[in-house]
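If you want the building blocks of each chain, they are given just below.
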Amino acid sequence: MKKEALEGEIEYFCFDKLPKHDSTWGLCTGVDGNIYIAACGETTGGLSVFILRYLPDIEKLEYLIEVGPELGEPPDNGHATQSKIHYCLIPGSDGLLYCSTHASGPPVNHPFWRPQNTWDDENVRFPGAFIFTYDPKKNKINNFGIGPKREGSRCLAYDEKRKKLYGITWPRNHLYVYYIESRKYIDLGRIGDINPQAIFLDKFGNAYTTDDYGFILKIDAETNEIKKLKVKCSCENYRYGWHNVTYDVVPSPDWKWFYGTDWGYESRLWRFTPYEGDGIMEDLGRAWGPPDFKTDRSLERWQVRGLVFGADKKLYFAMRSGWEEEEHTYIIRLDTKTGEREKVCSLTFGDHKPRAIASATFDFYGNLYFAEAGNAPTGMYIYRPKNVRKDKKLFSWKDVKLWG
Amino acid sequence: MENLEKELEKRKWPERPELNINFRKYNPYVTYGRVENRSLRLFQSLSEPIPPEECAITSLCKGKNRKIYGATSGKKSHLFYYSFSPEGDGVCDIGIIEGAKSVKNTLCVDKKGQIWGGISEGEKGNLFLYDTSKDHMGEGGTFSGEIKIFSEPVPGEFIVSLIYDEDRNVLYGISSESGYFFIYDIEKNEVLIKGQIDKNKLFSSVLVRDNKGNIYFFGQSCQMFKYSPEEDKIIPLDIYAPTLAGRAFYNRVQSICFNEYDGFIYGGVSPDGILFAFEPETNFLRMIGRITPERDIPCLTVGNDGTVYGISGEKDGMAHLFSYDPETYSLNDLGLLYTTIEIPWHGYEFSSACTGHFGEIYLGESDRISHLFIYFPPIPRKKKITT
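On a predicted model such as this, the values are computed, not experimentally measured, just so you know. (Residues numbered from 1 in each chain as written. Chains lettered and ligands numbered in written order. Predicted model: local features only at pLDDT ≥ 70, side-chain atom pairs only at ≥ 80, totals over all residues.)

**A look at the overall build of chain A**
Thinking step 1. Counting its secondary structure elements, chain A contains two helices and 29 strands.
Thinking step 2. The globule rule puts the C-alpha radius of gyration for 404 residues at 22 Å, and the 20 Å found for chain A is close to it.
Thinking step 3. Principal-axis analysis of the C-alpha atoms gives chain A an extent of 55 × 45 × 40 Å.
Thinking step 4. When each of the 404 residues of chain A is scored for burial, the buried share is 54%.
Thinking step 5. Intrachain contacts of chain A at a sequence separation of at least 6 include 53% that bridge at least 24 residues. (Helix = DSSP H or I, 4+ residues; strand = E, 2+ residues; numbered from the N terminus. Rg over C-alpha atoms; globule rule 2.2 N^0.38 Å. Buried ≥ 20, exposed ≤ 12 C-beta atoms within 10 Å, placed from the backbone. Contact = placed C-beta atoms within 7 Å.)

In structure tokens, the structure reads:
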């Protein structure tokens, strides 16, 4: 399905060979320029995550591998399933994808699952998040085993220089590092109660995420020491900022700033640069919408997610318009120089509306990809700007972020 | 890939069963009674909390002034008090205990209201003393006293358990490596080493005093010993803390308390996570049961009504609060500790407990970031007496 959008067109792409899979969390651009996708099944019990690939050159979708059985965890074995690769699908310059799995899919034939209810139940609990690489050329998984025991891995970042992964567990919210070469897993301890959805890297390999109130936590690349910086993601002045954990973070085209949004009730945008002292945090205000709209009672009301810079150096993101009589999720474009916001398109296709946009990325030609969550079957949206040509690459590997 | 796509076209997918569920039945949290917590900072967030990696609350006791005193473990060890007061409901970080990285269940209060403690890890296993007389928290400010460091009772060893005997004004303790049982006479500033609990250094790091003044501790295979101060004698008892069959070698009593209500001593063992009761009058010990599959019972305390409260959990686990009612012999899992007051927080790991003046239960979280949890047991509804 396609329709017109501002200065381009938007296409909805359904992963219809996976009729029960309902969310696409992991989405990234590989070094080969292809788009890699983690199609997850978190509502129906007994589903394993699949890795898919979209080839922009020939506009074709491929179903590559079912992950659970490859890890020795078939989805019908009675455990909470290896149902997801959340923001843990990270490309490497070696062509591999660096991954860890996440929990929330129920065991087969179970109507729901919660980790707290099954923590000590060996038969039903989630065994843990597997850390592995996927080689698209060989269509093979290299399984490093379970990292965080009994927990899922919410988000991941990859420091290529040190061959080191940073991740955050769910539900206990521990920060971990994993050294690929020595296969060494280190639990750095608990960082909060609310699960950050992003951990990102500066040019030196230091990692950043937030505590429950949006204070930036820096993890030293060499020592793994966690330091709480004296900068905080923005929030309304009557709030302490509870739940302002990072949701999505992208580098600016020149990599000097990191643009992000919170998993908060307000859905603001901010930008942060870590390179002076404790860093500088600038509030970019509410992501979009009328100036007087209120902090909502529902955490997932506005759904500001799927941040990605276009080849026009403008920041694209998705957001739901909770203030309109009929709600839609829109792609919005922000000119970071002027602060101007423009509506690019709605993501409503007839009766089909995304419940959420999970993440976004680009291909090297400049098309933008937005992953969908909350509908079965799951899918993605492709925004094709008019200026995109297949004989001209507007992005390259150096533009790709190595975090989810 | 092509094979996979073909296979997917034919695959029979699982169905989600119809949802006809009362989700309230599946709430894993403590809902019987009320749970709160306090960040380890001054009230109204006047201070930063005690930092992560220094704030695991590993020792708690109730002061004679009704304040709750606590000590932490980690990169440094802090002594703090919690003021349960309308004027200042918060935590005062009294200061860092010099040379300490851990204080594990060694805080106790003497008859003058001073707090004694022993260093369980760090530079030296010193005793320390804290004078509580200046402690006050209110709008006008927060005040505290000094921590005095005393010498180590057993040279070269740390202190892993410490209790106070008000009748004799002495402290009883156990040393970390060799497991020496020692007495520290406060008036005389004198240490008497009464003996090694077990020659093979297989002992439990707990001490408890009954209402007759006898002291109990555990050696190899969790054999119970009694020290009678009147006879000045250690008496081995033919009594063993319970474990699963064949596992006595691994067994340690991890937590213990005396219940004035029924005169029993209650203990929790690790790694089998079993709660037991021991009656000193009859030398009778019985297993009560296992609360969750988690391996530890890191702390126990007795509520004002004689109910025993404790934590069933383990490192990297999900701890449950439980209660045991000695009247009904009922062992109840109360659930996971979760609250949004003061800090929205799940408590997963705990190491210490004590009971407050009004029967509220204090639980010391021992995570990288830790809070003082407070459980308010429910008040049973009274029936009006009609004639």
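**Section: the overall build of chain B**
Thinking step 1. Broken down by element type, chain B carries one helix and 33 strands.
Thinking step 2. Taking 21 Å as the expected radius of gyration for a compact globule of 387 residues, we find that chain B reaches 23 Å, a close match to that expectation.
Thinking step 3. Overall, chain B is about 85 × 70 × 60 Å in size when its C-alpha atoms are taken along their principal axes.
Thinking step 4. Per-residue burial over chain B gives 48% buried out of 387 residues.
Thinking step 5. Residue pairs in contact within chain B that sit at least 24 positions apart in sequence constitute 50% of those at least 6 positions apart.

**A few points about the interface of chain B and chain A**
Thinking step 1. Each side of the interface is counted separately: chain B has 25 residues, and chain A has 26 residues.
Thinking step 2. Of all the secondary structure elements, the ones that give two or more residues to the side of chain B that touches chain A are α1 (2-10) and β30 (345-347) of chain B.
Thinking step 3. In terms of residue class, the side of chain B that touches chain A is made up of 17 nonpolar, two polar and six charged. (Nonpolar A, V, L, I, M, F, W, Y, C, P; charged D, E, K, R; others polar.)

**Description of unusual backbone geometry**
Thinking step 1. With an omega of -5°, the peptide bond between A376(A) and P377(A) qualifies as cis.
Thinking step 2. Examined against the element boundaries, P377(A) turns out to sit in the loop between β28 (368-373) and β29 (379-385).
Thinking step 3. Residue K201(B) is not a glycine yet carries a positive backbone phi of 60°.
Thinking step 4. On the secondary structure map, K201(B) appears in the loop between β17 (190-196) and β18 (208-209).
Thinking step 5. Not every positive phi belongs to a glycine, and C222(B) is a case in point at roughly 65°.
Thinking step 6. In this fold, C222(B) is placed in the loop between β19 (215-218) and β20 (223-228).
Thinking step 7. Residue classification places C222(B) among the buried residues on the basis of 23 C-beta atoms within 10 Å.

**Things to note about the sheet that holds strand β12 (residues 164-170) of chain A**
Residue and element names in this part refer to chain A.
Thinking step 1. Spatial ordering of the open sheet is given by β11-β12-β13-β14, a layout of four strands whose pairing is antiparallel. Of all strands in the sheet, those bounded by a partner on one side alone are β11 (152-159) and β14 (184-190). Within the sheet, the average angular offset between the axes of one strand and its neighbour, ignoring direction, is 20°.
Thinking step 2. In this sheet, β12 lies alongside β11 in antiparallel orientation, the contact comprising seven bridges. Bridging from a neighbouring strand, C155 pairs with I168 of β12. (Pairing = 2+ DSSP bridges. Axes fitted to C-alpha atoms, helices over the stretch in contact; angles between N-to-C directions.)

**Comments concerning the pairing of β28(A)**
Residues and elements named next belong to chain A.
Thinking step 1. Most of β28 sits inside the fold, with five of its six residues counted as buried.
Thinking step 2. As paired elements, β28 and β29 share four bridges and run antiparallel to each other. Within the sheet, the bridge partner assigned to Y369 lies in β29 and is I382.
Thinking step 3. What sits between the antiparallel neighbours β28 and β29 is a turn of five residues, in which G374 has the positive phi angle 105°.

**Focus: the environment of E230(B)**
Thinking step 1. Of note, E230(B) is situated in the loop between β20 and β21 (233-240).
Thinking step 2. Taking C-alpha positions, E230(B) is 31 Å from Y69(B), a pair spaced 161 residues apart along the chain.

**As for the sheet that holds strand β25 (residues 284-290) of chain B**
Residue and element names in this part refer to chain B.
Thinking step 1. The strand order across the open sheet formed by four strands is β22-β23-β24-β25, and the pairing between neighbours is antiparallel. The outermost strands of the open sheet, each flanked by one partner alone, are β22 (252-259) and β25. Along the sheet, successive strands turn relative to each other by an average axial angle of 25°, direction set aside.

**Quick word on the confidence of the model for chain B**
In low-pLDDT segments, the atomic positions of the prediction should not be examined closely.
Thinking step 1. Chain-level statistics for chain B give a pLDDT mean of 97 and a share of 100% at 70 or above.
Thinking step 2. Model confidence for the complex is summarised by a pTM of 0.97, with the ipTM given as 0.96. (pLDDT = per-residue confidence, 0-100.)

**Details of the pairing of β29(A)**
Residues and elements named next belong to chain A.
Thinking step 1. Burial runs high along β29: seven of the seven residues are buried.
Thinking step 2. Residues G379, Y381, Y383 and P385 point to one face of β29 and M380, I382 and R384 to the other, with burial holding for every one of them.
Thinking step 3. Across seven bridges, the pairing between strand β2 (residues 8-14) and β29 is antiparallel. Residue pairing across strands places Y12 opposite Y381, the latter belonging to β29.

**Concerning the environment of F370(A)**
All names here are of chain A.
Thinking step 1. Examined against the element boundaries, F370 turns out to sit in strand β28.
Thinking step 2. As a C-alpha pair, F370 and L347 span 23 residues in sequence and 9.9 Å in three-dimensional space.
Thinking step 3. The contacts of F370, once residues within four sequence positions are left out, are G306, A318, I331, I357, A360, M380 and Y381.

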